[in-house]
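# Breakdown of the fold
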Amino acid sequence: MAVSPSDIEKIAHLARIRIAPDQIDAVADRISDILAMVDQMQAVDTDNVSPMANPHDAVQRLRKDEVSELNQRDRFQTLAPRAEDGLYLVPKVIE
Amino acid sequence: MHTLSLRELADGLAKARFSSEELTRHFLARIAAHNPALNAYITVLEEQALAGARAADKQRSSGDVHPLTGVPFAHKDIFCTEGVRTSCGSKMLDNFIAPYNATVVEKMAAAGMINLGKTNMDEFAMGSSNETSFYGPVRNPWDTNCVPGGSSGGSAAAVAAGLAPAATGTDTGGSIRQPSALCNLTGLKPTYGRVSRYGMIAFASSLDQAGPMARTAEDAALMLQVMAGFDEKDSTSIDCTVPDYSASLNNSLKGKVIGVPSEFFAEGLSDAVASRTRAALSEYEKMGAVLKDISLPHSHLSIPCYYVIAPAEASTNLSRYDGVRYGHRCDNPLDLADLYTRTREEGFGDEVKRRILVGTYALSAGFYDAYYRKAQRIRRLIKNDFTEAFKSVDIIAGPTSPSPAFALGEKVDDPLTMYLEDMYTIAVNLAGVPALSIPAGMVDNKPIGLQLIGRDFAEADILNAAHQFQLQTDWHKQFAPAFA
C-alpha cells in the first residue's frame, strides 16, 4: 500500500518525530516500498488462525502488588537533561 | 593467547600458566592496536577490567572459583552496565550512563568474568551490517572492505580479530547468527525466555533474546550456562530448568534426524553458499545422522511478518526517548511538542526512524487489523510450521545467510535488500525456537555459516550437533589472517 506525503506527516505526528519538509517525499517512497513488501501477507487466508503475541503463548506473569524497588529519584535525575528540586523540567505547557 | 578458546583460557588460568591480569593486559593491548582499524568497541573499560582481573587473580589464589573467573570478554553495548555509558549505538543514548546492571551483566560478573568493554552495534540493534551505528561502521576482520554483519557486528568483529575471546550479542531477527556467520564464529540465539531481557535495551520485546558469540560450540555452551536462567525481573522469562550444556556435547548423533527445508535452498541463495552448505550437511551423514527433506511452507512470509511485528513493538518501546528523563535533548525547545519531535529527529538515525514510522502506521487506527493483527496470525502459521517439522526431525539445518560478507556501503541505501540478509534467521525469532550458526567453510575467501535450529528449550541438542561438527571439521579454527 502506498502512503502519501500527507499520510507521512500524520504518522510522524503520531510518532512525535519531526521530518524536514524536503525529506517527506523521500520518506513516503521508502515507507511505501516497505509496506508493499509487507503486503505479501494479505494473500494468505488467516480467518481461522488466532493471533500470536508470544511465541510460547505465555501470558503476563503477575506479582504481588507490593513495593519492591527503592526510591532512587535523585540518582535517576542526575541523568535528566534538566531537573530541579526533584522535578523534571520541560518547556512551559500552561500559561 | 588471543587465539585460544574460552575453555583453553580457563584451563590456562586454572593451571596458573598465566594470570587474569596478564590475559586482560594482552587483550587490552590488542584492542589498542587493532580497534582503530575495526571500530569494534564503542567503549573500552581498561581500568575496570584490570581492577577486575587483579581481584579475580586474588580470588583464584584463595580457593574455589567459577571456571571462567578471570576470563575476559566483551558486552554488546545494548546491556545496561552500571556506571558505564550504554549507548545502544545511538546518538539518543550517547550521554546515557546506566544506573543499574542488566541481569546478563550481573551474571557474567558473578561468574568472575572480566568485561573488556562495550561493542559497537547497529543503532538500537536495527540493521544487518553494523552500518547504522552512530559510532560509525564496523569492519570485518576477514576483509576490512566488508561489513561484519549486524546488529551484533562489533561483538563479532572483536571476537574474530582476537580483541576478545568471546562476547555477548542479542538477536531479534538474526543479529547474533548472521554476524557470526560472516565472521566465522559460533553464535547462539537461545529460546525466547531462556535468557533474561532485564536491562537489555528493548527493540522488539516478543523477539529479542541475548546469547553468546564465541569461537567454538564448547565455548558457547560455557557462556550460555552463565547467561541462562529464570529472572523474576523479566516478565517474559520462562521458569524452566537449565541443563548442563557441556555435559551433552559429546553425545552421538547416530540416528538423529536433521530436517533440511527446501525453502532454505530456493531463490535468493547464492550457488556457492548452497553447495558449501550441502557439503557441510553431508558431514552429518558421515556421523550417522539422517538428512530429511522437509518444508516450512510459510517461510516466504517471515520477512513481511517480521517487518510489521518488529517495527510495531519498536515504535512502542522507543516512545520512551522523549528528551525529558534521560538521553539526548534538542537545544532551545520552543514548546513541549517541539522538544519531543526535534529531540527524536536529532537523536534517531534514518533506519530507526523508518521502523518507528512503519510500526506507528501498522498500529494506527484503521490499519491495526490489516497489518498488526494479520502479522500476528501469520506468526502462528510460522510457529506451526516448526512444530509440525519437529514431529519428525530432531534438528533443522540450512544456511545462516544467503551470501558471505558484502562490501561496506553496498546495501545501506536499500533497506529492502538489506532485510533479505535475514531471510533464514527471522522465522526462528518469530517461532521463539533456539538456533545457532557455526563456521561451515569459505566462499570467496570469506566465511559462511551453517544454521542449526532446535526445539523450544533444546539448546543442548544444537550445541551437541555443533560440537560434533567441530570435532570433524576445522573451519572454526581458522582465524582472520590479518589479525592472527
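Residues numbered from 1 in each chain as written. Chains lettered and ligands numbered in written order. Predicted model: local features only at pLDDT ≥ 70, side-chain atom pairs only at ≥ 80, totals over all residues.

## Details of the overall build of chain A
The helix and strand tally for chain A stands at 3 helices and 2 strands. Mapped from its N terminus to its C terminus, chain A presents α and β elements in the order α-α-α-β-β. In terms of overall dimensions, chain A is more spread out than a globule: its C-alpha atoms have a radius of gyration of 22 Å, far above the 12 Å expected for 95 residues. Overall, chain A is about 55 × 45 × 25 Å in size when its C-alpha atoms are taken along their principal axes. A total of 95 residues make up chain A; the buried ones form 19% of that total. (Helix = DSSP H or I, 4+ residues; strand = E, 2+ residues; numbered from the N terminus. Rg over C-alpha atoms; globule rule 2.2 N^0.38 Å. Buried ≥ 20, exposed ≤ 12 C-beta atoms within 10 Å, placed from the backbone.)

## A few points about the overall build of chain B
Counting its secondary structure elements, chain B contains 15 helices and 11 strands. In terms of overall size, chain B behaves like a compact globule, its C-alpha atoms giving a radius of gyration of 21 Å where 484 residues would be expected to give roughly 23 Å. Seen along its three principal axes, the alpha-carbon backbone of chain B occupies a region of about 65 × 55 × 45 Å. For chain B, the residues scored as buried account for 62% of the 484 residues in total. Of all intrachain contacts in chain B linking residues separated by at least 6 positions in sequence, the fraction that spans at least 24 positions is 76%. (Contact = placed C-beta atoms within 7 Å.)

## Overview of the interface of chain A and chain B
Interface size is commonly expressed as the accessible area that is lost once the parts come together. Chain A puts 37 residues into the contact, and the matching count from chain B is 53 residues. Among the elements of the structure, α1 (5-14), α2 (24-38) and α3 (73-77) of chain A are those that each provide at least two residues to the side of chain A that touches chain B. It is α2(A) that provides the largest number of residues to the side of chain A that touches chain B, a total of 6 residues. Across the side of chain A that touches chain B, the residue classes tally to 25 nonpolar, 6 polar and 6 charged. (Nonpolar A, V, L, I, M, F, W, Y, C, P; charged D, E, K, R; others polar.)

## Overview of unusual backbone geometry
Residue and element names in this part refer to chain B. Of note, the amide linkage connecting Gly150 to Ser151 takes the cis form, showing an omega dihedral of 10°. Mapping Ser151 onto the fold places it in the loop between β3 (114-119) and α5 (153-160). Despite not being glycine, Asn39 shows a phi value in the positive range, around 60°. Position of Asn39 among the secondary structure elements: in the loop between α2 (20-38) and β1 (41-44). Its identity is not glycine, yet Asn184 carries a phi of approximately 70°, on the positive side. Its place among the elements puts Asn184 in the loop between α6 (177-182) and β5 (186-189).

## What about α1(A)?
Three or more residues of α1(A) are buried, namely Ile8(A), Ile11(A) and Ala12(A). The buried side chains of α1(A) occupy one side of the element, clustering within an arc of 100° when seen end-on. Lining the buried residues of α1(A) we find α2 of chain A together with α11 (350-363) of chain B. (Arc of directions from axis to C-beta.)

## Observations regarding the pairing of β5(B)
One face of the sheet, then the other: side chains in a regular strand alternate in exactly this way. Residues and elements named next belong to chain B. Covered by surrounding structure in β5 are Thr186 and Leu188 together with Gly187 and Lys189, the residues of both alternating faces. Sheet topology note: the β5/strand β6 (residues 209-214) ladder contains 2 bridges and is antiparallel. Each residue of the ladder has a partner; that of Gly187, found in β6, is Met213. Of the strand pairs in this sheet, β5 and strand β10 (residues 435-443) are connected by 3 bridges, and their pairing is antiparallel. When the bridges of β10 are listed, Leu188 appears paired with Leu436. (Pairing = 2+ DSSP bridges.)

## Quick word on the packing of helix α9 (residues 302-317) of chain B against α11(B)
Residue and element names in this part refer to chain B. The contact between α9 and α11 brings their axes to 7 Å, and the two run at 100°. Compared by their axis directions, α9 and α11 come out roughly perpendicular. Of α11, the residues touching α9 (which contributes Tyr307, Val308, Pro311, Ala312, Ala314 and Ser315) are Arg355, Ile356, Val358, Gly359, Thr360, Ala362 and Leu363. (Axes fitted to C-alpha atoms, helices over the stretch in contact; angles between N-to-C directions. Parallel < 35°, antiparallel > 145°, perpendicular 65-115°, else oblique.)

## Focus on the pairing of strand β4 (residues 167-171) of chain B
Residue and element names in this part refer to chain B. Most of β4 is tucked away, with 5 of its 5 residues classed as buried. Residues Ala167, Gly169 and Asp171 line one face of β4 and the alternating positions Thr168 and Thr170 line the opposite face, and both faces are buried. In this structure, β4 lies alongside β6, joined through 5 bridges in antiparallel fashion. If you follow Thr170 over to β6, its bridge partner there is Ala210.

## Things to note about the environment of Phe483(B)
Residues and elements named next belong to chain B. Along the chain, Phe483 falls in the segment after α15 (459-472). In this structure Phe483 comes out as buried when scored by C-beta crowding, with 20 C-beta atoms within 10 Å. If sequence neighbours within four positions are ignored, Phe483 has contacts with His34, Pro141, Ala161 and Gly162.

## Describing the nonpolar core
Counting 163 residues, the largest nonpolar core has Leu116(B), Ala158(B), Val159(B), Ala164(B), Val308(B) and Leu452(B) as the members making the most contacts within it. When sequence neighbours within four positions are dropped, the list of residues in contact with Leu452(B) reads Ile395(B), Ala397(B), Ala435(B), Leu436(B), Ile438(B), Ile462(B), Ala465(B) and Ala466(B). (Core = buried A, V, L, I, M, F, W, Y, C linked by C-beta atoms within 7 Å.)

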